[in-house]
Amino acid sequence: MKLATYKDGSRDGQLVVVSRDLGTAHYATGIASRLQQALDDWNFMSPQLQDLYDQLNAGRARHAFPFDPQQCMAPLPRAYQWADGSAYINHVELVRKARNAEVPASFYTDPLMYQGGSDDFIGPCDDVVVPSEAMGIDFEAEIAVVTGDVKMGASPEQALDGIRLVMLANDVSLRHLIPAELAKGFGFFQSKPATAFSPVAITLDELGDAWQGGRVHLALQSTWNGRKVGMCDAGPEMTFHFGQLIAHIAKTRNVRAGSIVGSGTVSNKDWAKGYSCIAEKRCIETIQDGKPSTEFMKYGDTIRIEMKNKAGQSLFGAIDQTIAAP
């Protein structure tokens, strides 16, 4: 099924069920008013949401209305946890190679992860508001999952069973703030502003055979200022699958329902497939030409992130945003 959250003036919005073709929607108020409610009691509420979804797809939902992504908040407008990985080691290799540094051996066996702010996400069509262009504004096209409860010490296979929903993410980065923050030895903070997520979050069955081994085997499309710059395959080159990422978090603590876990920038060794963040393009230019030539984003720039199934239908709707001044 497909779930979204509509703006209603409150912090957490209203949960809606969205049809498979993203054409119509129906408020889930009689079942759950917010997505976190459904995640907290998933075994009881998800069958009821599924019934409404089936009625919607069959054209039998009595109070259906046209679905409008512009009215969407993030599927979870705020979450108990947002932990973002760097599951595509090619991305790390490029960054390191561009500055003539080796990738530590541990990076291939132990996932990289940071904890981002989860109190304020932005909707899929909301502006990305950044205090200054000089901060080095970059998009990052990613896949993210929403979990149920996962116990401390869970294996990667057990962690996979804890995945409830999948969505897309634009994990905005302010590249010029990152070096000084990392130099302090404590990780990202101001360099990672609010993240945006796709209009809808979907259950794993919606992916069909594209969901294999804890990975989504489809192309993630990134379109910057109307030009398609990335058609990156999200499947085969994901070094750590989502079960491994969740198990990494759960090594020393419980992971609770409503936690969001990101894949990190989707990246491929084949440069012809483009890029999912500008930093990666600049690394490629540095490797080839000795210096980067592509600038970071400016006010008024647009970014669209979308994933389509093998039939060419949009699965999550599109993140479609404009960079804006405060």
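The shown structure was predicted, so the numbers you read here are calculated from the model rather than taken from an experiment.

**What to know about the pairing of strand β9 (residues 141-147)**
A regular strand places its side chains so that they alternate between the two faces of the sheet.
Here is step 1 of the chain: Most of β9 sits inside the fold, with seven of its seven residues counted as buried.
Here is step 2 of the chain: One ladder, built from seven bridges, connects β9 with strand β10 (residues 163-170); its direction is antiparallel. Bridge pairing in β10 places A144 opposite M167.

**As for unusual backbone geometry**
Here is step 1 of the chain: One non-glycine residue with positive phi stands out, namely L22, at about 65°.
Here is step 2 of the chain: Relative to the assigned elements, L22 resides in the loop between β2 (14-18) and β3 (24-27).

**Some words on the packing of aromatic side chains**
Here is step 1 of the chain: Considering all chains together, one arrives at eight aromatic pairs under this definition.
Here is step 2 of the chain: Ring plane angle 90° and centroid distance 6.2 Å describe the contact between Y6 and Y27, whose orientation is recorded as edge-to-face. Taken together, the residues Y6 in strand β1 (residues 2-6) and Y27 in strand β3 connect sequence positions 21 residues apart.
Here is step 3 of the chain: The exposure class assigned to Y6 is buried, which follows from its relative accessible area of 6%.
Here is step 4 of the chain: Using a relative accessible area of 36% as the deciding quantity, one classes Y27 as partly exposed.
Here is step 5 of the chain: Ring geometry for W82 versus F197: centroids 5.4 Å apart, planes at 85°, classification edge-to-face. You can see W82 sitting in strand β5 (residues 81-85) and its partner F197 sitting in strand β12 (residues 196-197), a full 115 residues away along the chain. An identical accessibility class is assigned to W82 and F197; each is buried.
Here is step 6 of the chain: In textbook terms, an aromatic cluster arises when at least three aromatic residues are bridged by ring pairs, as seen for Y6, Y27, F65 and F67.
Here is step 7 of the chain: Its guanidinium or amino end placed over the ring of F188, K192 lies 5.2 Å from that ring's centre, counting from NZ or CZ.

**Digging into the sheet that holds strand β16 (residues 219-224)**
Sheets are built from strands paired through backbone hydrogen bonds, the pairs being either parallel or antiparallel.
Here is step 1 of the chain: Taken in spatial order, the five strands line up as β7-β20-β19-β16-β17 in an open sheet, and their pairing is mixed. Strand pairing shows two members of the sheet lacking a second neighbour, β7 (128-129) and β17 (227-233), which therefore form its edges.
Here is step 2 of the chain: As judged from the five bridges shared by β16 and strand β19 (residues 302-307), these two strands associate in the antiparallel manner. Bridge pairing in β19 places Q221 opposite E306.

**Regarding the nonpolar core**
Here is step 1 of the chain: F67, I143, L207, M307 and F316 are the most contacted members of the largest nonpolar core, which totals 67 residues.
Here is step 2 of the chain: Element by element, the count of residues in this core is highest for helix α6 (residues 242-249), at five residues.
Here is step 3 of the chain: Excluding residues that lie within four positions of it along the chain, I143 makes contacts with Y88, V166, M167, L168, V216, A234, F242, V261, G262, S263 and M307.
Here is step 4 of the chain: Counting 32 residues, the second largest nonpolar core, distinct from the first, contains M1, I31, L165 and M167.

Conventions adopted
Residues numbered from 1 in each chain as written. Predicted model: local features only at pLDDT ≥ 70, side-chain atom pairs only at ≥ 80, totals over all residues. Heavy atoms only, no water. Buried < 20%, exposed > 50% of the residue type's maximum accessible area, 1.4 Å probe, protein only. Helix = DSSP H or I, 4+ residues; strand = E, 2+ residues; numbered from the N terminus. Pairing = 2+ DSSP bridges. Phe/Tyr/Trp six-rings, centres within 6.5 Å; stacked < 30°, edge-to-face > 60°. Lys NZ or Arg CZ within 6 Å of the ring centre and 35° of its normal. Core = buried A, V, L, I, M, F, W, Y, C linked by side-chain atoms within 4.5 Å. Contact = heavy atoms within 4.5 Å.

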